[in-house]
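Notes for the structure review
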Amino acid sequence: MQYSYKYRVKESDIWQASMYYAYSSYMGVVNVVCIIASIALIVSKWSEASDLFRTVMIIFLLMFTVVQPSIIWMRACSSLKNGSPELELTFSQAGVIVISDGKKQQVSWKKVVNVVKKPTILLVYLEDGTGYILRNSVVKEDKEKLYGFIKENLQKNRIKNN
């Protein structure tokens, strides 16, 4: 069995992966606490606050709900400023075949570290710190099957190497 996908990575893919990473890390806990704290502060102190304090409260809320996601978006755009090459990924029992810019690379399962399933994307991490983002519109109805296939092959590789 194999799964094959041909697509281009978009800025929104990198932004989503970065946002998922940010909000599933320690930074995400701090962000959520700051958002809740700023909303609680606005609700409880708005009527008695000066205009300056109201402005500070709104800026504090916007830092975590607008500014930070916007900065992450700008980073995603700058990482693809030269465009994104078309990728072709083929997942098989032997590993992952990657074709990009006319170059073909075979990645064995032992070089694949993990796969993470998020609501809108699949993230395939490699041991060298790189990885691949597969959005739902690329994998379509195969998402669950592909995720299971990758997990199964990662598990087989771990058992074989132990």
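Just above, that's the structure.
Residues numbered from 1 in each chain as written. Predicted model: local features only at pLDDT ≥ 70, side-chain atom pairs only at ≥ 80, totals over all residues. Heavy atoms only, no water.

1. Details of the packing of helix α1 (residues 11-23) against helix α3 (residues 51-79)
Two numbers describe how α1 lies on α3: the axes approach to 8 Å, and their chain directions differ by 130 degrees. The angle between the axes of α1 and α3 places the two elements in the oblique class. When you trace α1 past α3, the crossing you get is right-handed. Contacts between α1 and α3 involve Glu11, Ser12, Ile14, Trp15, Ser18, Met19 and Tyr23 from the former and Phe64, Gln68, Pro69, Ile72, Trp73, Ala76, Cys77 and Ser79 from the latter. By residue class, the composition of the contact of α1 with α3 is 10 nonpolar, four polar and one charged. (Axes fitted to C-alpha atoms, helices over the stretch in contact; angles between N-to-C directions. Helix = DSSP H or I, 4+ residues; strand = E, 2+ residues; numbered from the N terminus. Parallel < 35°, antiparallel > 145°, perpendicular 65-115°, else oblique. Left-handed = near helix turned anticlockwise from the far one by under 90°. Contact = heavy atoms within 4.5 Å. Nonpolar A, V, L, I, M, F, W, Y, C, P; charged D, E, K, R; others polar.)

2. Let's talk about the side chain of Arg135
Its place among the elements puts Arg135 in strand β7 (residues 131-135). In this structure the side chain of Arg135 is engaged in a polar contact, spanning 3.1 Å, whose partner is the side chain of Ser137. Discounting residues that sit within four places of it in the chain, Arg135 has contacts with Tyr7, Arg8, Val9, Lys10, Asp13, Thr120 and Ile121. (Polar contact = N/O pair within 3.5 Å; in protein donor to acceptor, adjacent residues only side chain to side chain.)

3. Some remarks on the environment of Ala40
Along the chain, the position of Ala40 falls in helix α2 (residues 26-45). Distance from Ala40 to Ser18, taken between C-alpha atoms, is 27 Å for residues 22 residues apart in sequence.

4. A few points about the sheet that holds strand β4 (residues 103-107)
Across the sheet, which stays open at both edges, the four strands sit in the order β1-β2-β3-β4 with antiparallel pairing between neighbours. Two strands in the sheet have a free side with no partner beyond their single neighbour: β1 (3-8) and β4. Direction aside, neighbouring strands of the sheet carry axes that sit 15 degrees apart on average. Sheet topology note: the strand β3 (residues 95-100)/β4 ladder contains five bridges and is antiparallel. Bridge assignment links Ile97 to a residue of β4, and that residue is Gln106. (Pairing = 2+ DSSP bridges.)

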